[in-house]
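Report on the structure
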Amino acid sequence: MNIPEELKYSKTHEWVKMLDETTCEIGITDFAQSELGDLVFINLPKVGDKVKAGDIFCDVESVKAVSDVISPVSGTVFAVNETLIDAPQKLNEDPFGAWIARMEGISSTDELMDAAEYKTFCAAEEA
Amino acid sequence: MDRKTPLYDVHEKLGGKIVPFGGYLLPVQYGTGVITEHMAVRTKAGLFDVSHMGELMFEGPDAVSNIQHLCTTDISSMTDGQVRYGMMCNEKGGIVDDLVICRMKADKYMLVVNAGNHEKDADWVTGHLTGDVKYKDISESVAQIALQGPRAETILRKLCGEESIPLRYYHFVEFGEINTEPRRINALISRTGYTGERGFELYCDPKDAVDLWNALLMEGEADGLIPCGLGARDTLRLEASMPLYGHEMNDDISPVEAGLPCRLDGKDFLGKQAIIDRGSPDIRRVGLKITGRGIAREQCPVLDRDGRKIGWVSSGTFCPFLGYAAAMAYIPSDGYEPGTEVAVDVRGRLIEAVIVDLPFYNMNR
């Protein structure tokens, strides 16, 4: 299970990468993509969407089921990764490279877990 | 309390993701994932644990008359080693279960039923038996492995002599011998399957299941054989438009509505008159090719171009080989010819689809 050190993590298995003090990149973790299985569709958020931490801001669909992606921070979407539309499998192949959205004006990330905490959290979920 | 098949430990060792299904614990997929497993069956070969299925034996002078009464299929012209598909219906003309009937001898038959309906079927059968018939539920003493795909026969031939391999589709060899080192395993080898590909289903003693599975996997590795789970089993059968009980069939839907083979002008069977009395069916099963973005799943409403609900989806998924999402649905019998554009309401979003002829996929491609 890959858990990059420099990222922050939510309890719903999204990762956050700070681009600068008020902007970040968001995606789903290796744990998430493994649980979801082969992804075949993604419904990206829209540029301009204002999102609160804890809101559903997009969904991904695997062969088995649809799953909501929860925004780990509050802010405004200023970019979405359109390459995922035709290649959703990138989320499985490279979960930490295949970012879903970039957000600005974001709230604090204090509520999120660091890599070590997330590792413990995942171990508990597996048990 | 869900039960384990004889291959449970093997699945765990192979990295299978175990889920409850039909009262058993089975892998939904392995590390390879549903899409890879599905494609293996379409292009090379896949191995499935299907031990959860139920096997019901009928023997004796009245075996035939009982099966004739219970099942839609006329078995009177079957030969030893032949398999036929059929259904058991209830007094309303709805479907109790679909199954295959294997004739061992003129007075000895094995019915193979769905795991999810096992108890229901056993109760149904025992409640309707008449005359001189020995009925036995042998499910506990039968393990079943399915070897499916274009390379299935090549793989099996490495382990079996000619005489163990049934020549024709929907036929079986009752006493097949698989040459695993250091011993031979006996298995009933049937040229049948639930994937829409060529292949075999092997029925053996639970004690032999692990050795049989391992022998097949080892022998088939060079041909690209991989273990496959329930997820791929579902995408494969749906891509091939094969019905699944609880989706395309249930206690209310008749064989005629489901578009399944059922002669109403031949021998009598339980439920036949009720089906006839229903008259021309109001609904029929069709295929939907999803042209919009998303997957239509069971129970999603199907809408016409004016937004009116005209039916519902019975099964839907993404079909990896075909590369599009497909669904089977029930809509009115009249109107809505193939090519008609419809929409499916998927969690509040309307996704475009078009009605298509079944099957979506044909192995003779």
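Small disclaimer: the values here were computed from a predicted structure and weren't measured. (Residues numbered from 1 in each chain as written. Chains lettered and ligands numbered in written order. Predicted model: local features only at pLDDT ≥ 70, side-chain atom pairs only at ≥ 80, totals over all residues.)

Our next topic: the overall build of chain A. Along the backbone of chain A there are four helices and nine strands. Scanning chain A from its N terminus toward the C terminus, one meets helices and strands in the order β-β-β-α-β-β-β-β-β-α-α-β-α. Taking 2.2 N^0.38 as the reference for a compact globule, 127 residues should give roughly 14 Å; the C-alpha atoms of chain A span a radius of gyration of 13 Å, in line with that estimate. For chain A, the spread of C-alpha atoms along the three principal axes comes to 35 × 35 × 20 Å. Here chain A holds 127 residues, and the buried ones make up 37% of them. Considering only intrachain contacts with a sequence separation of at least 6, the fraction spanning at least 24 residues in chain A is 63%. (Helix = DSSP H or I, 4+ residues; strand = E, 2+ residues; numbered from the N terminus. Rg over C-alpha atoms; globule rule 2.2 N^0.38 Å. Buried ≥ 20, exposed ≤ 12 C-beta atoms within 10 Å, placed from the backbone. Contact = placed C-beta atoms within 7 Å.)

Residue and element names in this part refer to chain B. Read across the sheet, five strands follow the order β6-β7-β8-β5-β9 without closing on themselves; strand pairing throughout is antiparallel. Two strands in the sheet have a free side with no partner beyond their single neighbour: β6 (82-89) and β9 (134-137). Within the sheet, the average angular offset between the axes of one strand and its neighbour, ignoring direction, is 25°. Pairing of strand β5 (residues 54-59) with strand β8 (residues 108-113), which is carried by six bridges, proceeds in the antiparallel orientation. When the bridges of β8 are listed, Gly54 appears paired with Val113. Seen against the sheet, helix α4 (residues 118-126) touches β5, β6, β7 (95-105), β8 and β9 and runs at an angle of roughly 15° to β5. (Pairing = 2+ DSSP bridges. Axes fitted to C-alpha atoms, helices over the stretch in contact; angles between N-to-C directions.)

Right, let's talk about the sheet that holds strand β5 (residues 50-51) of chain A for a bit. Reading across the sheet, the six strands line up as β1-β2-β3-β9-β8-β5 (chain A) and stay open at both edges, with antiparallel pairing between neighbours. Here the strands that pair on one side only, and so sit at the sheet edges, are β1 (8-9) and β5 of chain A.

Now for the domain arrangement of chain B. Residue and element names in this part refer to chain B. Here the domain parsing of chain B yields domain 1 (3-51 + 142-238) and domain 2 (54-138). For domain 1 versus domain 2, the separation of C-alpha centres amounts to 24 Å. Taken together, the contact pairs 12 residues of domain 1 with 11 residues of domain 2. For the side of domain 1 that touches domain 2, the element with the highest residue contribution is strand β11 (residues 172-179), accounting for three residues. Counted by class, the side of domain 1 that touches domain 2 contains six nonpolar, five polar and one charged residues. (Domains from an automatic or database assignment. Nonpolar A, V, L, I, M, F, W, Y, C, P; charged D, E, K, R; others polar.)

Turning our eyes to something else, we now look at the interface of chain B and chain A. Of the residues lining the interface, 12 residues belong to chain B; the matching set on chain A comes to eight residues. Put simply, the parts of the chain that give the side of chain B that touches chain A at least two residues each are α2 (34-43), α7 (230-239) and β17 (309-319) of chain B. For the side of chain B that touches chain A, the residue count by class is four nonpolar, six polar and two charged.

Time to look at the packing of helix α5 (residues 152-159) of chain B against helix α6 (residues 209-220) of chain B. Angle between the axes and distance between the axes are the two parameters that describe a pair of packed helices. Residue and element names in this part refer to chain B. Closest axis-to-axis distance for the α5/α6 pair is 9 Å, and the angle between their directions is 115°. It follows that α5 is roughly perpendicular to α6 by the angle criterion. Along this stretch, α5 crosses α6, giving a crossing that reads as right-handed. Counting all contacts with α5, which are made through Ile155, Lys158 and Leu159, the residues of α6 involved are Ala215, Leu216, Glu219 and Gly220. Grouping the amino acids of the contact of α5 with α6 by side-chain chemistry returns four nonpolar, one polar and two charged. (Parallel < 35°, antiparallel > 145°, perpendicular 65-115°, else oblique. Left-handed = near helix turned anticlockwise from the far one by under 90°.)

Here we come to α7 of chain B. Residues and elements named next belong to chain B. Of all 10 residues in α7, nine are buried; the element is thus mostly enclosed. Buried residues along α7 sit against β2 (17-21), β3 (24-29), α2, β4 (45-49), β17 and β18 (324-332). Among the residues trailing α7, Ser241 stands out with phi positive, at a value near 60°.

What follows concerns the pairing of strand β6 (residues 56-62) of chain A. All names here are of chain A. For β6, the tally of buried residues reaches five of seven residues, placing the bulk of the element in the interior. Across four bridges, the pairing between strand β4 (residues 39-43) and β6 is antiparallel. Considered in β6, the bridge of Phe41 is made with Glu61. Inspection of the sheet shows β6 paired to strand β7 (residues 66-70) by five bridges, in the antiparallel sense.

This paragraph deals with the confidence of the model for chain B. Of the residues in chain B, 100% have a pLDDT of 70 or more, and the chain-wide mean is 96. With pTM at 0.92, the complex prediction returns an ipTM value of 0.81. (pLDDT = per-residue confidence, 0-100.)

Here the residue pair Leu358 of chain B and Pro359 of chain B is connected by a cis peptide bond, since its omega of 5° sits within 30 degrees of zero. Within the element layout of this structure, Pro359 of chain B appears in the segment after β20 (349-356). Even without a glycine there, the phi angle at His13 of chain A is positive, about 70°. Along the polypeptide, His13 of chain A turns up in the loop between β1 and β2 (14-18). Accessibility expressed as a C-beta count within 10 Å gives 25 for His13 of chain A, which makes it buried. Despite not being glycine, Gln299 of chain B shows a phi value in the positive range, around 75°. For Gln299 of chain B, the position within the fold is in the loop between β15 (283-290) and β16 (301-303).

What follows deals with the pairing of β17 of chain B. All names here are of chain B. Of all 11 residues that make up β17, eight are buried, and the element is covered over most of its length. Bridge analysis of β16 against β17 gives three bridges, and the strand direction is antiparallel. Each bridged residue has a counterpart across the sheet, and for Pro301 the counterpart in β17 is Trp312. Note: β17 against β18, seven bridges, orientation antiparallel. Of the residues in β18, the one forming a bridge with Gly316 is Ala327.

Our focus in this paragraph is the nonpolar core. Residues and elements named next belong to chain B. Judged by nonpolar contacts, the single largest core of 117 residues is most densely connected at Ile145, Leu147, Ala296 and Val344. Per element, the largest residue contribution to this core is seven residues, and it comes from β18. For this core, the domains that each give at least three residues are domain 1 (3-51 + 142-238) and domain 2 (54-138). With residues near it in sequence (within four places) discarded, Val344 still touches Leu288, Ala296, Cys300, Val302, Val313, Ile351 and Ala353. (Core = buried A, V, L, I, M, F, W, Y, C linked by C-beta atoms within 7 Å.)

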